[in-house]
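Geometric and topological summary
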Amino acid sequence: MAPGISNDKKTEDEQSSKENFIHLCNPHLEKMEEDILYHFALGTGTHDFPALFGDVKHGMGIPSISIMLHELIKLLHHAKCSNVTVIRIGTSGGIGLEPGSVVITRQSVDATFKPQFEQVILGKTVIRSTDLDEQLAKELMQCSKEINQFNTVIGNTMCTLDFYEGQGRLDGAICLYTEEEKLRYLKEAFDSGVRNIEMESSVFAAMCNLSGVKAAVVCVTLLNRLKGDQISSSHDILVEYQQRPQRLVGYFIKKRLGKV
Ligand code: R2B
Ligand code: URA
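What counts, and where the lines are drawn
Residues numbered from 1 in each chain as written. Chains lettered and ligands numbered in written order. Predicted model: local features only at pLDDT ≥ 70, side-chain atom pairs only at ≥ 80, totals over all residues. Heavy atoms only, no water. Helix = DSSP H or I, 4+ residues; strand = E, 2+ residues; numbered from the N terminus. Buried < 20%, exposed > 50% of the residue type's maximum accessible area, 1.4 Å probe, protein only. Contact = heavy atoms within 4.5 Å. Areas by Shrake-Rupley, 256 points an atom, 1.4 Å probe, with all protein chains shown as cover. Near = heavy atom within 4 Å. Polar contact = N/O pair within 3.5 Å; in protein donor to acceptor, adjacent residues only side chain to side chain. Salt bridge = Lys/Arg side-chain N within 4 Å of Asp/Glu carboxyl O. Expected span 1.5 Å × (residues − 1). Arc of directions from axis to C-beta.

A word on the overall build of the chain
- Secondary structure assignment for the chain yields six helices and nine strands.
- Within the chain, the fraction of its 260 residues that count as buried is 38%.
- Once local pairs closer than 6 in sequence are excluded, the contacts in the chain between residues at least 24 apart make up 76%.
- Counting only carbon and sulfur atoms, one obtains 55% of the accessible surface of the chain, whose full area is about 15800 Å².

Rendered as structure tokens:
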């Protein structure tokens with residue numbers, strides 16, 4: 001029989017689709033009872049994956065926020081705004097903190113723990129500082145003390161280019177390091193002052209610095225990365241956590257406006 005021609009078409013289709021399955025280069029996944037795909041709000045225990053198919057679009061990370069910031073900064077300039085303060089609020093993975101803790105960023109650091117943002121511009125690597133306004137961070141910390149609703153710390157925030165391997169997770173489609181190596185890296189990050197990990201703060205800090213905009217980063221931690229990788233808290237708990245930076249920054253704005 002010629003290759004690719006079969007009397008039993010179904011069997012051959014099944015055979016070829018099996019051969020074309022996506023291969024996951026990660027031995028850790030097999031040991032997990034359930035796999036929660038946090039960004040898609042899907043879990044293998046709660047959803048019938050083979051029956052579901054759809055287009056998914058993500059607006060996350062440095063490229064998305066930098067495009068938005070270019071246009072926001074120009075908007076503020078054209079509008080002749082002065083003494084502008086911009087605060088990034090969002091979610092993050094914590095290191096050594098109870099989930100739900102809020103981190104006010106002292107410095108945004110890269111994945112090698114340096115306070116810098118590296119970008120290739122016209123074929124050359126340009127390095128920009130990611131310092132944030134120290135006074136503003138302290139003012140936000142004071143606000144958190146005043147509302148007294150959740151644990152808040154000032155610490156360094158590691159900004160990565162990826163959610164999975166870039167943040168040392170064991171649950172991505174590809175993972176070629178061990179759990180011990182992962183924990184060693186996260187402990188090194190902790191020892192260097194990192195308390196949370198997210199994906200936008202470095203370019204945010206760098207662009208605000210260059211534009212003369214006072215900036216702060218306030219992120220809630222959804223999990224303690226020393227204890228795991230999957231974001232498995234209930235929807236209601238995650239919603240409440242995500243409101244924390246908003247409540248803190250909302251109070252800060254009211255206080256600045258003399259309304260509290
Ligand atoms: C925090 O959460 C997102 C990834 O889940 C990313 O936008 C970030 O910085
Ligand atoms: N956002 C991240 O970038 N990492 C986490 O672990 C959680 C939210």
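Now that the structure has been shown, the text picks up again.
Overview of the site of ligand 2
- Taken together, Thr91, Ser92, Gly93, Phe163, Gln167, Arg169, Ile197, Glu198, Met199, Leu223 and Ile231 make up the full set of residues near ligand 2.
- Here an oxygen atom of ligand 2 and a backbone polar atom of Gly93 are 3.5 Å apart.
- Within the side chain of Arg169, one N or O atom sits 2.7 Å away from an oxygen atom of ligand 2.
- Surface burial for ligand 2 is 95%, taken as the share of its 240 Å² of free accessible area covered by protein chains.

Overview of the pattern of salt bridges
- Enumeration over the complete set of coordinates arrives at 10 salt bridges.
- Linked through salt bridges whose partners overlap, the residues forming this network are Arg88, Glu198 and Glu200.

Examining helix H3 (residues 134-147)
- Between its terminal C-alpha atoms H3 stretches 20 Å, which fits the 20 Å expected from 14 residues at 1.5 Å a residue.
- Those residues of H3 that fall on the buried side of the exposure criterion are Leu136, Ala137, Leu140, Met141, Cys143, Ser144 and Ile147. Seen along its axis, H3 keeps its buried residues to an arc of 155°; they face one direction. Among the exposed residues of H3, those pointing more than 90 degrees away from its buried face are Glu134, Gln135 and Lys145.
- Summarising the contacts, the buried residues of H3 are in contact with strand E3 (85-94), strand E4 (102-109), strand E7 (152-159), strand E9 (214-224) and helix H6 (235-256).
- In the segment just after H3, Asn148 is the residue with positive phi, at about 50°.

All we've got here are geometric facts, nothing functional implied.
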